[in-house]
Amino acid sequence: MLTNPVQPLAIVVLISGDGSNLQAIIDNIASGQLSAKLVAVISNRDQAYGLERARRHGIPTQVIAATLHPDRTAYDQALMQCIDSYSPQLIVLAGFMRILTTEFVQHYAGRLINIHPSLLPKHKGLHTHQRALDAGDNEHGATVHFVTPELDSGPIILQMKVPILPNDTAEELQQRVHQAEHQLYPEALRRIATGRVQLRGDIVYVDNSPVTAINRFIELANHAK
Ligand code: GRF
C-alpha cells in the first residue's frame, strides 16, 4: 500500500495504443506539476504509438507480446516480473487492453490504478461513449480508480464529468472525454504522489476524508490541453 510515497513517485505505465494519457503524464512531469518519474512504459503491442512517445522522452520501454506466452497466467507472470524489475511504487494502466488475472491484481493491491472512460459505476467495459448516447445520458466522463479483480469496479479516486451535447456522435463524445482524462489522470497522480490518497479497506480517503459519490468530482479547467 502506498501510505508514504517517496518523491518523485516511481511509476510504471502499461499501454496498448496511442498513449495520449501517457503523454499527459509525461507533460505534467516535464512542467514540474507532478513529482513523479516514469521508470518504464510497457506494452502488449509493439506497434503502440505510446512506445514512441516514451522513447522520445528517454523512458525505458518494454514489449511483452501475448503470443509468446501460453496462457493468461503465464503472461501476467512475465508482466509482473518485468514490472518488478523496475521497482515502481505505482502501476498506472493507461489504455492497457488486457483482462488481468486476480493474482496480478492482488500482487499490486493498493498500488495499481486505471482510468476508465465513463462515470463509473455507469458503463463498465467497452464502447462506453456509444452506450452513454444510447442510454440518453446527459453527461458522461472519466474515472480514475484502484484496480480490483472485478472489472472496472475498484474504489474510485477521482472523476470528471463532461456534458453530452445534442447530436453528439460517439467520436465527438470520445474526444471530449479524452480531453478530460488528460487533466484527470495527472491530478489523481498528483494527489497520490503527495501522499494525500489512502486506500483503507475498500474506501479511498483524500486528506483523511472518505471519497464519496458527492465529493469525488473535479471540474474541467478551461485551459484544456
Ligand atoms: C482512454 O480512453 C482510457 O480511458 C481507456 O483507454 C483509452 C486510452 O487512450 N482506458 P490513450 O491510449 O491514452 O490515448
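Structure: see above.
Residues numbered from 1 in each chain as written. Predicted model: local features only at pLDDT ≥ 70, side-chain atom pairs only at ≥ 80, totals over all residues. Heavy atoms only, no water.

Draft legend 1. Looking closely at the sheet that holds strand β6 (residues 139-146). The strand order across the open sheet formed by seven strands is β3-β2-β1-β4-β5-β6-β7, and the pairing between neighbours is mixed. Edge strands, defined here as strands with exactly one partner in the open sheet, are β3 (61-63) and β7 (156-163). The mean inter-strand angle of the sheet, taken between neighbouring strand axes irrespective of direction, is 20°. Two elements, strand β4 (residues 90-93) and strand β5 (residues 112-116), share three bridges in a ladder whose sense is parallel. Its bridge partner being in β5, I91 is matched across the sheet by L112. Lying over the sheet, helix α1 (residues 20-30) contacts β1 (9-15), β2 (36-43), β4 and β5, oriented at roughly 160° with respect to β2. (Pairing = 2+ DSSP bridges. Helix = DSSP H or I, 4+ residues; strand = E, 2+ residues; numbered from the N terminus. Axes fitted to C-alpha atoms, helices over the stretch in contact; angles between N-to-C directions. Contact = heavy atoms within 4.5 Å.)

Draft legend 2. Inspection of the site of the ligand at higher detail. D18, G19, S20, N21, G95, I115, H116, P117, H178 and E181 make up every residue found near the ligand. Within the side chain of E181, one N or O atom sits 2.4 Å away from an oxygen atom of the ligand. For the ligand, the protein covers 84% of the area, taking 370 Å² as the surface of the free molecule. Given that more than half its atoms are within 2 Å of the pocket grid, the ligand belongs to the largest pocket. For the shell around the ligand, the class distribution of residues is two nonpolar, six polar and two charged. (Near = heavy atom within 4 Å. Polar contact = N/O pair within 3.5 Å; in protein donor to acceptor, adjacent residues only side chain to side chain. Areas by Shrake-Rupley, 256 points an atom, 1.4 Å probe, with all protein chains shown as cover. 1 Å grid on protein atoms, 1.4 Å probe; cavity = no way out; pocket = protein on both sides within 12 Å on 5 of 7 lines; lining within 4 Å. Sits in = over half its atoms within 2 Å of the grid points. Nonpolar A, V, L, I, M, F, W, Y, C, P; charged D, E, K, R; others polar.)

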